[in-house]
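Single-letter residue listing:
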Amino acid sequence: QVQLVESGGGLVQAGGSLRLSCAASGRTFSSYYMGWFRQAPGKERESVAAISWSGGSTDYADSVKGRFTISRDNAKKTAYLQMNSLRPEDTAVYYCAAATYVGSTWYRSSEYNYWGQGTQVTVSS
C-alpha cells in the first residue's frame, strides 16, 4: 500500500506558475505509475498527466500539453507537476494517484489504486 500527500497548491495570477508535489510513503514508490487529476467545482474529475515507473514515458491531456510537465524522483519518493502559463480554467483541486500499471488507459481514474487528499489551485484572471 502507498500513502500520497500533495502540496504546492495556491493562488496565482493567470500566466503564472506553480509546482505541485506528491510525496509517497509505504511500498516502493518506483513500482507505481503516477498520475495527476483535477476536479473543478461542478465538474467531473479529469486526467491531467501520467508518468511511468522510471519516468521514461509521460502522457498529457490536450488541455495542458506544452504548459504542464510531470516528473518524478524515485529516490525522494515524490512526483511533481510543473504548471506554467496557468489559465483561470486550470482552477481545480489537483489530486495525485498511483497505479501498478495503466499503459494506454492512463487517463481513466478507475485504473488508479491510491489517491491523495488533493491540493487547491486557483488561477485568477
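Here the structure is a predicted model, which is why all the values come from computation and not from measurement.

Participant: Looking at this structure, how should I read the packing of aromatic side chains?
Facilitator: In the structure shown here, the tally under the stated rule is eight aromatic pairs. Measuring from centroid to centroid gives 5.9 Å for Tyr-32 and Tyr-114, while their planes differ by 80°, and the two rings are edge-to-face. Of this pair, Tyr-32 sits in the loop between β3 (18-26) and β4 (33-39) while Tyr-114 is found in strand β10 (residues 114-115), placing the two residues 82 residues apart along the sequence. Residue classification places Tyr-114 among the partly exposed residues on the basis of a relative accessible area of 21%. Relative to Tyr-101, the ring of Tyr-33 lies with its centre 5.6 Å away and its plane at 75°, an arrangement referred to as edge-to-face. With a gap of 68 residues between them, Tyr-33 in strand β4 and Tyr-101 in the loop between β9 (92-99) and β10 connect regions that are remote in the sequence. Residue classification places Tyr-33 among the buried positions, given a relative accessible area of 9%.

Participant: It is not clear to me how the nonpolar core should be interpreted in this structure. Could you clarify?
Facilitator: In this structure, Met-34, Trp-36, Leu-81, Met-83 and Tyr-94 are the most contacted members of the largest nonpolar core, which totals 30 residues. Residue assignment for this core shows that the elements contributing at least two residues are β1 (2-7), β3, β4, β5 (46-51), β7 (68-73), β8 (78-83), β9 and β11 (119-124). Among the nonpolar cores identified, the runner-up in size contains eight residues, and Phe-37, Ala-99, Trp-106 and Tyr-112 belong to it.

Participant: What should I look at first to understand the sheet that holds β1 in this one?
Facilitator: Across a sheet, paired strands are connected by hydrogen bonds in the backbone, their directions being either parallel or antiparallel. If you walk across this open sheet you meet the four strands as β1-β3-β8-β7, and the pairing is antiparallel. Whereas interior strands pair on both sides, the edge strands pair on one side only; in this sheet they are β1 and β7. With direction set aside, neighbouring strand axes in the sheet form an average angle of 15°. Strand direction decides the pairing type here: β3 and β8, joined by six bridges, are antiparallel. Each bridged residue has a counterpart across the sheet, and for Ala-23 the counterpart in β8 is Thr-78.

Participant: For this particular structure, what's the right way to read the pattern of salt bridges?
Facilitator: A side chain with one charge may pair with a side chain of the opposite charge, provided their charged atoms come close. For the structure on display, the rule yields four salt bridges. Note that Asp-90 and Arg-38 form a salt bridge whose closest N and O atoms lie 2.9 Å from each other. Highlighted residues: Asp-90 in the loop between β8 and β9 and Arg-38 in strand β4, separated in sequence by 52 residues. Note on accessibility: Asp-90 and Arg-38 belong to one class, buried.

Participant: What should I look at first to understand unusual backbone geometry in this one?
Facilitator: Glycine aside, the phi torsion of most residues is negative, and most peptide linkages are trans. Of note in the backbone geometry, Lys-77 takes a positive phi value of approximately 55° without being a glycine. The backbone of Ser-85 shows a phi angle near 50°, a positive value even though the residue is not glycine. Along the chain, Ser-85 falls in the loop between β8 and β9.

Participant: Would you take a moment to explain the environment of Thr-100 for this structure?
Facilitator: With respect to the helices, strands and loops of the structure, Thr-100 is situated in the loop between β9 and β10. For Thr-100, a relative accessible area of 48% corresponds to the partly exposed category. Expressed as a C-alpha distance, the spacing of Thr-100 and Leu-81, which sit 19 residues apart in the sequence, is 19 Å.

Reading the values: the criteria
Residues numbered from 1 in each chain as written. Predicted model: local features only at pLDDT ≥ 70, side-chain atom pairs only at ≥ 80, totals over all residues. Heavy atoms only, no water. Phe/Tyr/Trp six-rings, centres within 6.5 Å; stacked < 30°, edge-to-face > 60°. Helix = DSSP H or I, 4+ residues; strand = E, 2+ residues; numbered from the N terminus. Buried < 20%, exposed > 50% of the residue type's maximum accessible area, 1.4 Å probe, protein only. Core = buried A, V, L, I, M, F, W, Y, C linked by side-chain atoms within 4.5 Å. Pairing = 2+ DSSP bridges. Axes fitted to C-alpha atoms, helices over the stretch in contact; angles between N-to-C directions. Salt bridge = Lys/Arg side-chain N within 4 Å of Asp/Glu carboxyl O.

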